[in-house]
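Tertiary structure, described
Next come the chains, spelled out residue by residue.
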Amino acid sequence: EGWGDASALVYSRTQRRAEELVERFKVKSAVARSAESAVENATLVVNATPVGLKDDTVPVSVHELAKDAAVLDLAYRLNETAFVKDARERGHRAQDGITMLVEQGALAFERWFGKQPDRDAMWNAIKALR
């Protein structure tokens, strides 16, 4: 509900994992045969793997991305992943997983303590590390 005519292509190195994830979607979805075919016409590319956490490997070459695709790399490092950097260099909107980390932390704080955390303080702590 609320996603209109959105669709998702899912790629995993393990076919069964991709199939299980597709079964959970409430939008039109399918399993892609390769990472390259999954991103070919995508408007949003989400990397939900650990690729790029420890080195500059990328889950798929940014040359494979559609011209107007945005990138969300759920992996995060102090100085951003190579995937995010490469995507920005080619003109794509790109963000790493730090936003998700901060928001998950904020929601957990709220759930545990029953009050809104100081997100500015959280962001300042992240910026101090970068």
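Structure shown above.
Here's what I pulled together on the structure shown here. Fair warning: this is a prediction, and the values are worked out from it, not measured in the lab.

Here we look at the overall build of the protein
The secondary structure content of the protein amounts to 5 helices and 5 strands. Order of helices (α) and strands (β) in the protein, N terminus to C terminus: β-α-β-α-β-β-α-β-α-α. Each principal axis of the C-alpha distribution contributes one length, and for the protein these read about 45 × 35 × 25 Å. The buried share of the protein, reckoned over its 130 residues, is 30%. Considering only intrachain contacts with a sequence separation of at least 6, the fraction spanning at least 24 residues in the protein is 46%. Within the structure as shown, the protein displays about 9300 Å² of accessible surface, and the carbon and sulfur contribution to it stands at 51%.

Thoughts on the packing of aromatic side chains
The way to describe two aromatic rings as a pair is by their centre distance and the angle between their planes. For the structure on display, the rule yields 1 aromatic pair. With a centroid separation of 4.8 Å and 50° between ring planes, the pair formed by Phe-109 and Phe-113 is classed as tilted. Of this pair, Phe-109 and Phe-113 both sit in helix H4 (residues 98–113), 4 residues apart, which is roughly one turn of that helix. Looking at Phe-109, the relative accessible area reads 30%, which means it is partly exposed.

A closer look at the pattern of salt bridges
Scanning the model with the defined rule gives 6 salt bridges in all. What you see here is one network of salt bridges that share partners, running through Arg-16, Glu-19, Glu-20 and Glu-23.

Focus on the sheet that holds strand E3 (residues 44–47)
Taken in spatial order, the 3 strands of this open sheet run E3-E4-E5, and their pairing is parallel. A strand with exactly one partner marks an edge of an open sheet, and here the two such strands are E3 and strand E5 (94–96). For this sheet, the mean angle separating the axes of adjacent strands, direction not counted, is 10°. Bridging between strand E4 (residues 70–73) and E5 involves 3 bridges; their strand directions are parallel. By the bridge assignment, Leu-72 is partnered in E5 with Gln-95. Helix-sheet contacts for helix H3 (residues 82–89) involve E3, E4 and E5, and the interaxial angle to E5 is about 165°.

Cut-offs applied
Residues numbered from 1 in each chain as written. Predicted model: local features only at pLDDT ≥ 70, side-chain atom pairs only at ≥ 80, totals over all residues. Heavy atoms only, no water. Helix = DSSP H or I, 4+ residues; strand = E, 2+ residues; numbered from the N terminus. Buried < 20%, exposed > 50% of the residue type's maximum accessible area, 1.4 Å probe, protein only. Contact = heavy atoms within 4.5 Å. Areas by Shrake-Rupley, 256 points an atom, 1.4 Å probe, with all protein chains shown as cover. Phe/Tyr/Trp six-rings, centres within 6.5 Å; stacked < 30°, edge-to-face > 60°. Salt bridge = Lys/Arg side-chain N within 4 Å of Asp/Glu carboxyl O. Pairing = 2+ DSSP bridges. Axes fitted to C-alpha atoms, helices over the stretch in contact; angles between N-to-C directions.

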